[in-house]
Amino acid sequence: MSDERDLVERAARVLPGGVLGTDRSPRGLEFVVREGKGAWLTDVSGRRYLDYLLGGGPMVLGHAHPAVIPAVERQLARGTTYFLVNQPIIELAEEICRAVPCAEQVRFTSTGTEATFFALRVARAFRKRDKIVKFEGGYHGSHDYALMSTTPRSPKAFPAAMPDSAGIPQAIADEVLIGPYNDLATTEALIAAHHNELAAVIAEPYQRVIPPAPGFLHGLRTVTRRYEIPLVFDEIVTGFRLAYGGAQEYYGVVPDLATYGKIIAGGFPLAAVGGSAAIMRHFDPSLEGTPEFVPQVGTLNGNPVAAVAGLATLAELRKPGTYERLHRTGTRLRNGLREAVLRRGLAAQVTGEPPVFDVMFTDRPIVDYRATLTADRAQLAIFNEECLRRGVVKGAQKIYVSLAHTDTDIDRTLEVFDQALAAVATRS
Ligand SMILES: Cc1ncc(COP(=O)(O)O)c(C=O)c1O
């Protein structure tokens, strides 16, 4: 225990806020991970946690999966990175092209942030226009174009973009138009009014934990096609999770470009942009020296260790019945949480698809970002804290389900959810 306290204090000295990003554990509940195995994490004091954070999404098979680790070990002995084309990365590119309806070709990056950044850049090169439309509340990583109106506390009138970070030039905000997710009429009008300036429309087809309204994605496809504007689906969460072919397969709408990350790299740093050859050709170095060319380089792009981890993960996911099982597990947990909310008489919504969802403390149905603003953030913080106190780790605003979670794990988690909701009711 004192070793762990010591590590937490050391982290606070050398990492701003003592953390790796923006999420932090409540005071007194901070912990330092020693290992992950299956659906469980163990901290350096030996405490165990059921894990619904899953590394922020990649660990859909669970931690240290017996199909992934030996594949990685075999590759380690052959070298860890080359900065050259290698067999595993070719095979991963082929598998993504087989699985993803829109992908004729792919390019690799190390992070999802870079993938959406390059998707937008290549769309601008193709369309020869600058502005993009993105949706309020949609998250596409942390580059300057992406961090616009993802979490505005007091949103402006559409389509004005609000930077979510200090340090983003105002000039970039002027290049981004914000649309209301799930409001097709307003989005169509926005695109119609600006079509001649638009390089791309980018969307999370399933935005955070908000499913698309019936007809929304089809309508978006129709209007972008009418004006020949590339439609980009950010599938970094949904790819190989909602279905093997991602949201494109699950919702039946095919964009021009899509971005992938998380699951395709099996817990290593790798992400990808995929799309039609007509757009992807702008990455081809034979165009070097022409105004068409988009150089896309990164030291670790196409890393073979990440590629073999991704290939091993995808091979597991292709086994018959996998997605039925993932959805069944998620449905049990999601519906059980819904029942617990009703039992405790709380004004709350459990929103989302079975593989990834969450609870929001509001009586308003969650159809868009502005509806999420009606949710009581303090109550969610209490819920998350009370789950953690009882050994259940979840994201600040997400519950990811894995194939490693057993029925017994789900039963135990539902007990914890129920107790955490009881604590929300009494503490707030
Ligand atoms: C939908 C979506 N896009 C992009 C990203 C950014 O990916 P990365 O964290 O690998 O940069 C994330 C990360 O969570 C995401 O959820």
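As a reminder, the structure under discussion sits directly above these lines.
Residues numbered from 1 in each chain as written. Predicted model: local features only at pLDDT ≥ 70, side-chain atom pairs only at ≥ 80, totals over all residues. Heavy atoms only, no water.

(A) Local environment of the site of the ligand. Lining the immediate environment of the ligand, one finds Thr 111, Gly 112, Thr 113, Tyr 139, His 140, Gly 141, Glu 204, Arg 208, Asp 234, Ile 236, Val 237 and Lys 262. At a separation of 2.8 Å, an oxygen atom of the ligand approaches a polar backbone atom of Gly 112. At 2.8 Å from an oxygen atom of the ligand is found a side-chain nitrogen or oxygen belonging to Thr 113. Looking at the shell around the ligand residue by residue, the class counts come to three nonpolar, five polar and four charged. (Near = heavy atom within 4 Å. Polar contact = N/O pair within 3.5 Å; in protein donor to acceptor, adjacent residues only side chain to side chain. Nonpolar A, V, L, I, M, F, W, Y, C, P; charged D, E, K, R; others polar.)

(B) Molecular detail of the nonpolar core. Of all hydrophobic cores here, the largest spans 64 residues; its most connected members are Phe 240, Leu 317 and Phe 383. Looking at this core, the element that brings in the most residues is helix α10 (residues 304–317), giving nine residues. In this structure, Leu 317 is in contact with Val 60, Leu 61, Phe 240, Tyr 244, Ile 263, Thr 322, Tyr 323 and Leu 403, ignoring residues within four places of it in sequence. (Core = buried A, V, L, I, M, F, W, Y, C linked by side-chain atoms within 4.5 Å. Buried < 20%, exposed > 50% of the residue type's maximum accessible area, 1.4 Å probe, protein only. Helix = DSSP H or I, 4+ residues; strand = E, 2+ residues; numbered from the N terminus. Contact = heavy atoms within 4.5 Å.)

(C) Local environment of the state of the cysteines. A full pass over the atoms with the stated rule returns zero disulfides. With no disulfide of its own, Cys 97 lies closest to Cys 102 among cysteine sulfurs, the gap being 9.1 Å. (Disulfide = S-S within 2.5 Å.)

(D) Summary view of helix α2 (residues 68–76). Listed as buried for α2 are Val 68, Ala 71, Val 72 and Gln 75. End-on, the buried residues of α2 take up no more than an arc of 100 degrees, which puts them together on one face. Exposed positions of α2 whose direction lies more than 90 degrees from the buried face are Glu 73 and Arg 74. (Arc of directions from axis to C-beta.)

(E) Local environment of the pattern of salt bridges. Taken as a whole and judged by the stated rule, the model has 23 salt bridges. Arg 332 is the salt-bridge partner of Asp 411, the closest N and O atoms lying 2.4 Å from each other. Taken together, the residues span a long stretch of sequence, with Asp 411 in helix α14 (residues 407–427) and Arg 332 in helix α11 (residues 322–343) at a distance of 79 residues. Because the salt bridges share partners, they merge into one network encompassing Glu 385, Glu 386, Arg 389, Arg 390 and Arg 427. (Salt bridge = Lys/Arg side-chain N within 4 Å of Asp/Glu carboxyl O.)

(F) Here's a closer look at unusual backbone geometry. The peptide bond linking Phe 158 to Pro 159 adopts the cis configuration, its omega dihedral lying at 5 degrees. Examined against the element boundaries, Pro 159 turns out to sit in the loop between β5 (131–135) and α5 (170–173). The phi torsion at Phe 83 lies on the positive side, around 65 degrees, for a residue other than glycine. Residue placement: Phe 83 occurs in the loop between α2 and α3 (87–99). Among the residues examined, Phe 83 registers a relative accessible area of 51% and is labelled exposed.

(G) Inspection of the packing of aromatic side chains at higher detail. Tallying each qualifying case throughout the model produces 12 aromatic pairs. Measuring from ring centre to ring centre gives 5.4 Å for Phe 117 and Phe 118, while their planes differ by 85 degrees; the resulting arrangement is edge-to-face. A relative accessible area of 21% places Phe 117 in the partly exposed class. When its relative accessible area of 8% is taken as the criterion, Phe 118 is described as buried. Their ring planes at 70 degrees and their centres at 6.5 Å tell us that Tyr 244 and Tyr 323 sit as a pair that is edge-to-face. Separated by 79 residues along the polypeptide, Tyr 244 in the loop between β8 (231–234) and α8 (246–251) and Tyr 323 in helix α11 bring together distant segments of the chain. The burial state of Tyr 244 is the same as that of Tyr 323; both residues are buried. Among the aromatic residues, those joined into a cluster by ring pairs are Phe 240, Tyr 244, Tyr 260 and Tyr 323. (Phe/Tyr/Trp six-rings, centres within 6.5 Å; stacked < 30°, edge-to-face > 60°.)

(H) How the structure looks around the side chain of Glu 30. Tracing the backbone shows Glu 30 in the loop between α1 (2–14) and β1 (33–37). Residue contacts for Glu 30: discarding those within four places in its chain leaves Arg 5, Val 8, Ser 25 and Arg 47.

(I) Structural view of the packing of α2 against α10. Packing of α2 against α10 brings their axes to within 9 Å, and their N-to-C directions diverge by 155 degrees. By the angle between their directions, the pair α2 and α10 is classed as roughly antiparallel. α2 and α10 meet at a crossing whose hand is right-handed. Packed against α2, whose contacting residues are Val 68, Ala 71, Val 72, Gln 75 and Leu 76, the element α10 presents Pro 304, Val 305, Val 308, Ala 309, Ala 312 and Thr 313 at the interface. Along the lines of polarity and charge, the residues of the contact of α2 with α10 split into nine nonpolar, two polar and no charged. (Axes fitted to C-alpha atoms, helices over the stretch in contact; angles between N-to-C directions. Parallel < 35°, antiparallel > 145°, perpendicular 65-115°, else oblique. Left-handed = near helix turned anticlockwise from the far one by under 90°.)

(J) Expanded view of the packing of helix α6 (residues 184–194) against helix α7 (residues 216–226). At their nearest, the axes of α6 and α7 sit 10 Å apart, and the two run at 15 degrees to each other. By the angle between their axes, α6 is roughly parallel relative to α7. When you trace α6 past α7, the crossing you get is right-handed. Mapping the contact onto sequence places Leu 184, Thr 187, Glu 188 and Ile 191 in α6 and Phe 216, Gly 219, Leu 220, Val 223 and Thr 224 in α7. Looking at the contact of α6 with α7 residue by residue, the classes come out as five nonpolar, three polar and one charged.

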